[in-house]
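# Per-entry structural report
Spelled out from the first residue to the last, the chains are:
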Amino acid sequence: MARPRRDAAPALSKYPQLWLTKLLEEERLVGGLELTRGCHHKCTYCSVFSAYEGKVVLGDVRQVLNDVDILIDMGMEHLTFIDAEFFNAKRRSFETLTLIHKRHPSLTYDFTTRVDHILEVRDELRGLYNQGVRVITSALEFPKNEVLKQVRKEVNVSDLKTAVRLVQNSGIVLNPTFIMFNPWVGLEDISNFNEFLVETNMENSVDPIQYETRLHLYKGSPLLENQTIRALKMEEHEFYYDWTHPDERVDELFLASVTPVKEGTFKRCCLKC
Ligand code: SF4
């Protein structure tokens, strides 16, 4: 079997991983690969859903193992699984992780998965930690049931809290992502957001970029059929729509929250791109 080519790619040290370094509490050279593409789920705001329409393409496990070996030769110490959903094929993900761990016992990992999958694998979390998983990224969206319902997350706020606690108890760091500014949250919800972080013990584990994330309405988004969205004032662009919150104070807060991009860096809302 042909080995994946990495020789044309920049050195791993060229990819800035500042937030991951903070979560890992040490600097580790990071490589990334995926086990699968697409996602079975249908969260209404998600571009993966729009692109794959609920389908999943499985990668070849032997190619993945070959690729890991190449990344190890390049100096990789930590592997980010860049799958949109690590548990697209749950048993396969567990088995592949075990195979990689056997070959490279000192490698650490992070991956992204949904809250409902965290609840499903609650008994396996400690085992994942023992195999080197150090960070799990999960899209919590916003701690408000109406938001979770509108983006079709199939969990409620109580589930979010349980998932965070389960991950934290296993020793793994939960790296949450949010859609802080969206049409279903008001000024009061945003003011109360910190209470959720205190309650879930995540005050120091939220990437600052999460305080300035805003619902993205790309062309083709299923959300364009949503009643709340249809009632918003919108401005059309080539690939997306700008939307205006009904309460102008929320948009003022959003504008005040956006930080300038430092030269030579880029903004990312999770650990994958
Ligand atoms: S689970 Fe994640 S990748 Fe899948 S549709 Fe929802 S947001 Fe997108």
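Note: the structure precedes this text.
So, here is what we can say about the structure in this document. (Residues numbered from 1 in each chain as written. Predicted model: local features only at pLDDT ≥ 70, side-chain atom pairs only at ≥ 80, totals over all residues. Heavy atoms only, no water.)

Of the regular secondary structure elements, the chain holds eleven helices and ten strands. For the chain, whose C-alpha radius of gyration is 19 Å, the value lies close to the compact-globule estimate of 19 Å for 273 residues. Across its three principal axes, the chain shows a C-alpha extent of roughly 55 × 40 × 35 Å. Here the chain holds 273 residues, and 48% of them are scored as buried. Taking contacts inside the chain between residues at least 6 apart in sequence as the whole, the part at least 24 apart equals 75%. (Helix = DSSP H or I, 4+ residues; strand = E, 2+ residues; numbered from the N terminus. Rg over C-alpha atoms; globule rule 2.2 N^0.38 Å. Buried < 20%, exposed > 50% of the residue type's maximum accessible area, 1.4 Å probe, protein only. Contact = heavy atoms within 4.5 Å.)

Here the focus is the pattern of salt bridges. The full count for this structure, using the stated rule, is 17 salt bridges. Its salt-bridge partner being Arg114, residue Asp116 comes within 2.8 Å of it at the nearest N-O pair. For the pair shown, Asp116 and Arg114 are each scored as buried. A single network of salt bridges, built from pairs that share partners, joins Arg114, Asp116 and Glu154. (Salt bridge = Lys/Arg side-chain N within 4 Å of Asp/Glu carboxyl O.)

Surrounding the ligand, one finds Cys39, His41, Cys43, Tyr45, Cys46, Ala84, Arg114 and Lys153. Residue classes in the shell around the ligand are distributed as five nonpolar, one polar and two charged. (Near = heavy atom within 4 Å. Nonpolar A, V, L, I, M, F, W, Y, C, P; charged D, E, K, R; others polar.)

Attention now moves to the sheet that holds strand 10 (residues 240-244). Spatially, 8-10-9 is the arrangement adopted by the three strands of the open sheet, whose pairing is antiparallel. If you trace the sheet from one side to the other, it starts and ends with strand 8 (217-218) and strand 9 (233-236), each paired once. Summarising the sheet, strand 8 and strand 10 pair through two bridges and their orientation is antiparallel. Counted as the bridge partner of Leu217 is Tyr241 from strand 10. (Pairing = 2+ DSSP bridges.)

The next point concerns unusual backbone geometry. Despite not being glycine, Arg152 shows a phi value in the positive range, around 55°. Within the secondary structure, Arg152 is located in the loop between helix 7 (145-150) and helix 8 (157-170). Even without being a glycine, Glu154 presents a positive backbone phi close to 60°. For Glu154, the position within the fold is in the loop between helix 7 and helix 8.

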